[in-house]
Each structure stands twice: as C-alpha cells, then as structure tokens.
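Results of the structural survey
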Amino acid sequence: MAVNMPENVQDLVIIGGGPAGLTAGLYASRAGMKTVILEGKSTVSQITVTDSIENYPGIPEVSGFELHDRFRTQAVSFGAYASTDEARSVEKILLGEYEGWKITTEDTILYSLSVIIATGAKWRALGVPGEEQFLGRGVSYCATCDGPFYKKRKVAVVGGGDTAIQEAVFLTKFADKVTVIHRRDKLRAAKILQKRAFANDKIEFEWNSVVQEVEGQDFVTSLRLKNLKNLEQDRKISVDGVFVFIGLDPITDFIKGVVNLDIGGYIIADALMRTSEPGIFACGDCIAKPLRQVITACGDGATAAHEAQLYVDELKGQAY
Ligand SMILES: Cc1cc2nc3c(=O)[nH]c(=O)nc-3n(C[C@H](O)[C@H](O)[C@H](O)COP(=O)(O)OP(=O)(O)OC[C@H]3O[C@@H](n4cnc5c(N)ncnc54)[C@H](O)[C@@H]3O)c2cc1C
C-alpha cells in the first residue's frame, strides 16, 4: 500500500527503552534525526530491576534504576520523543516513492523511514508445578523488587550465572539464609562474584540439583529438588521464597517473519547492527551475541543509530 509521504513520517522509530534503545535515541536525536522511542508497557528494562551496577565504566557504583533514568533524561534532552506505548507489529510500506515502515502500537500507528529494535529479553521461567500459582506469593524474578519482603527469612536462588550469584549476595542483606540451587557442580558466574558468594556465610549451595516443584499453601513453604547425579539425594527444602535467575528469552515474537532470527529467537544482526531487512536495525540483548550487558547494549545502540542515520540520509538524498 502506498501513502503520500505524510508530514508525520519519522526518520527513526526505536522500539525499546532500555540502555540500547535510549543510547540509540541519544545518538539519533543528537544527529538531528526525527526520533520516537517506544518504551513499552508490558515489560521493563532489565537494568531497572538491578540493584547495583559496578561495571559501567566511569561510574563505579550506581543503581540500575538511576542509570536508566540518566540515560532517558539525556536521550530526551536532544529532542527524542519518548512514549510508554508498546509496538505490536512492523510492516513494510511505501511512503510516497520510498520503502519505509508502518509500526502499529497499542495506541496508534507510526510511519518511519527506519526502525531500530531494542526490545531486550525477559526472564526464563522454571516451568515446574507451583511456579505460576505462587508468583508474587513467594516466587520472584526480581531480587531488587521483592528482596526486602524476606527480612530474616529463608530463600532460594535458582541459577549459577552472574545474575543469580550477584542477586544471591544481594539477598543476604535481608534473608538469614540463601540457598543457591544449581544444576551443575560449579558456577558460571564471574570469579569475583563467586568469591563473594563463597565467602558469605549466609549462602549455601545445592549442587547438581533442579527444582521439581514449588510447594506451599497461601505462600511458598518448600521446594522439591531433584539431584541430577544421585537420585537418592532428591529432597525437600523449606524456604519462604524462591528467586529464579536461569536465563533470558528475547522479546522478538512481534518481529518474527519480518527479520531473520536465530534458533533461540534472537535477531541476527551484523557488526553494523543491520538485520536481514534494509532499514531495520537491532541492538542490545535482543540480538544474537556473546555478552549481554549494559555497556554492550549501549555500544550496539550507538552503532545502530549511526547506521540508521546513514541509511536515512541516503534515502533522503535519493528522495529530495
Ligand atoms: C538482575 C539483573 C542484573 C544485571 N546486572 C547487570 C550488571 O551488573 N551490569 C551490566 O552491565 N548488566 C547487568 N544486567 C544486564 C543488563 O541489564 C542488560 O544487558 C541490559 O539492560 C540490556 O539492555 P537492552 O536495552 O538491550 O534491554 P532492556 O534493558 O531489557 O530493555 C528493553 C526495553 O524494551 C522494552 N520493550 C520490550 N518489548 C517492547 C515492545 N513491544 N514495544 C516497546 N518497547 C518494548 C522494554 O519495556 C524495555 O524498556 C543485569 C540484568 C539483570 C536482569
């Protein structure tokens, strides 16, 4: 379908308001692009649930929420328009003579010459009986949000990566005992985090174990564990809460079939953040890449915005 190039065509619509999307917004608006950032409603940026970030260069320690707030303030200060609207679909469309994109959101329809997808990822669930039933009543995916409810209680953390171990240490600020349940016999987390966890006498480990069921009445009371090495060691541990940090799934369902995804659903982007579809760029945790951190999300966002700018400049050079 062709539409006359309407006045309200954006140079760039950024889908996602985390470090990747906000950095892209900063670079694009600072470069003079007419930019809209859709921040979404149904999920939040992962950094906003991160208690403390101590590996963002130049800022030795900051809460994730504060860093996010700073990113956002800086992006909008250069003229990017940020909205809490959520993208539902992206569709190729003719804008006058040129190919552009129709972005359907929960509240409106936007037209744009380029799009950056920066929708991040969401926490993976255990998928065991009781998990959904006790969500918000002992089952949590956010230690910063729910940790303070567990003062002097016993909690479990499921996982062995950076996030699980960082959050286990954080939870010892509140809980009397934190049991880390990990499917292997060693942690994947960075050595410095492991060192802190092993030195913390409130933290115990259940190695080679997975959760089979979350049990309780009104609230969680216990977990049934399966030992993957020795079935005779299957057992039940009593806890008041369980925090699940076993990985992430990308938020890319809405873009399936528009750009190429890998087998895990991550968007395939090259080093210039170009996807399989010219005019659509992607950055941050939603793309296939080895390290998902704030600093890499920001770097990706800057590259994506720069490339989007070159793309749009070329389009406009042809257009006008
Ligand atoms: C508990 C925890 C601790 C962490 N600790 C650290 C740390 O210490 N150091 C570090 O560097 N990293 C840390 N990380 C990782 C870091 O938070 C992520 O790598 C980073 O937030 C990724 O940024 P992003 O912009 O790609 O995605 P996100 O921050 O997840 O942002 C995605 C954005 O997209 C929006 N969105 C999703 N779908 C839509 C849609 N359809 N329409 C519009 N908007 C949408 C969301 O609302 C959100 O605003 C941690 C993560 C967690 C969960």
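Residues numbered from 1 in each chain as written. Predicted model: local features only at pLDDT ≥ 70, side-chain atom pairs only at ≥ 80, totals over all residues.

Our focus in this paragraph is the site of the ligand. In the region of the ligand, 35 residues are neighbours, and G16, G18, G40, G120 and G284 sit closest. Elements represented by at least two residues in the shell around the ligand include exactly α1 (19–30), α4 (162–171) and α6 (294–319). (Near = placed C-beta within 6 Å. Helix = DSSP H or I, 4+ residues; strand = E, 2+ residues; numbered from the N terminus.)

Ranked by internal contacts, the top residues of the largest apolar core, which has 54 residues, are A24, I116, I117, A282 and C283. Among the elements that make up this core, the one with the highest residue count is α6 (8 residues). In contact with I116, other than residues within four places in its own chain, are L12, I14, A24, F281, A282, C283, A304, A305 and A308. Residues A156, V180, L187 and L193 belong to the second largest nonpolar core, which totals 34 residues. (Core = buried A, V, L, I, M, F, W, Y, C linked by C-beta atoms within 7 Å. Buried ≥ 20, exposed ≤ 12 C-beta atoms within 10 Å, placed from the backbone. Contact = placed C-beta atoms within 7 Å.)

Strand order in the open sheet made by the 5 strands is β9-β16-β10-β11-β12, with parallel pairing throughout. Each edge of the open sheet carries a strand with a single partner, namely β9 (139–140) and β12 (203–206). In this sheet, β12 lies alongside strand β11 (residues 177–181) in parallel orientation, the contact comprising 4 bridges. When the sheet's bridge partners are listed, I181 is paired in β12 with E206. Most of the contacts of α4 go to strand β10 (residues 154–158), to which it runs at about 170°, and overall it touches β10, β11, β12 and β16 (241–244). (Pairing = 2+ DSSP bridges. Axes fitted to C-alpha atoms, helices over the stretch in contact; angles between N-to-C directions.)

This part takes up α4. Counted residue by residue, α4 has 8 buried out of 10 residues, so it is predominantly covered. Turning to α4, its buried residues are T163, A164, I165, Q166, E167, A168, V169 and L171. Buried positions along α4 lie against α3 (143–146), β10, β11, α5 (191–199), β12 and β16.

The next subject is the pairing of strand β13 (residues 209–216). The pairing of β13 with strand β14 (residues 220–227) spans 7 bridges and is classified as antiparallel. Among the inter-strand pairings, E213 is bridged to a residue of β14, identified as R224.

As a further point, take the domain arrangement of the protein. Under the domain assignment, the protein is made up of domain 1 (2–122 + 248–319) and domain 2 (125–244). Taken over C-alpha atoms, the centre of domain 1 sits 34 Å from the centre of domain 2. (Domains from an automatic or database assignment.)

In contact at an axis separation of 8 Å, α1 and helix α2 (residues 64–77) are set at 25° when each is read in the N-to-C sense. As summarised for this structure, α1 and α2 are arranged roughly parallel, according to the angle between their axes. Crossing of α1 over α2 shows left-handed handedness. Between α1 and α2, the contacting residues are P19, L22, T23, G25, L26 and S29 on the first element and F71, R72, Q74 and A75 on the second. A breakdown of the residues in the contact of α1 with α2 according to their chemical character gives 5 nonpolar, 4 polar and 1 charged. (Parallel < 35°, antiparallel > 145°, perpendicular 65-115°, else oblique. Left-handed = near helix turned anticlockwise from the far one by under 90°. Nonpolar A, V, L, I, M, F, W, Y, C, P; charged D, E, K, R; others polar.)

Here the focus is the environment of T144. Examined against the element boundaries, T144 turns out to sit in helix α3. Under the C-beta neighbour-count criterion, T144 is labelled partly exposed, with 18 such atoms within 10 Å. A C-alpha to C-alpha distance of 10 Å links T144 and I47, two positions 97 residues apart in sequence. Not counting residues within four places of it along the chain, the set of residues in contact with T144 comprises V49, T50 and D51.

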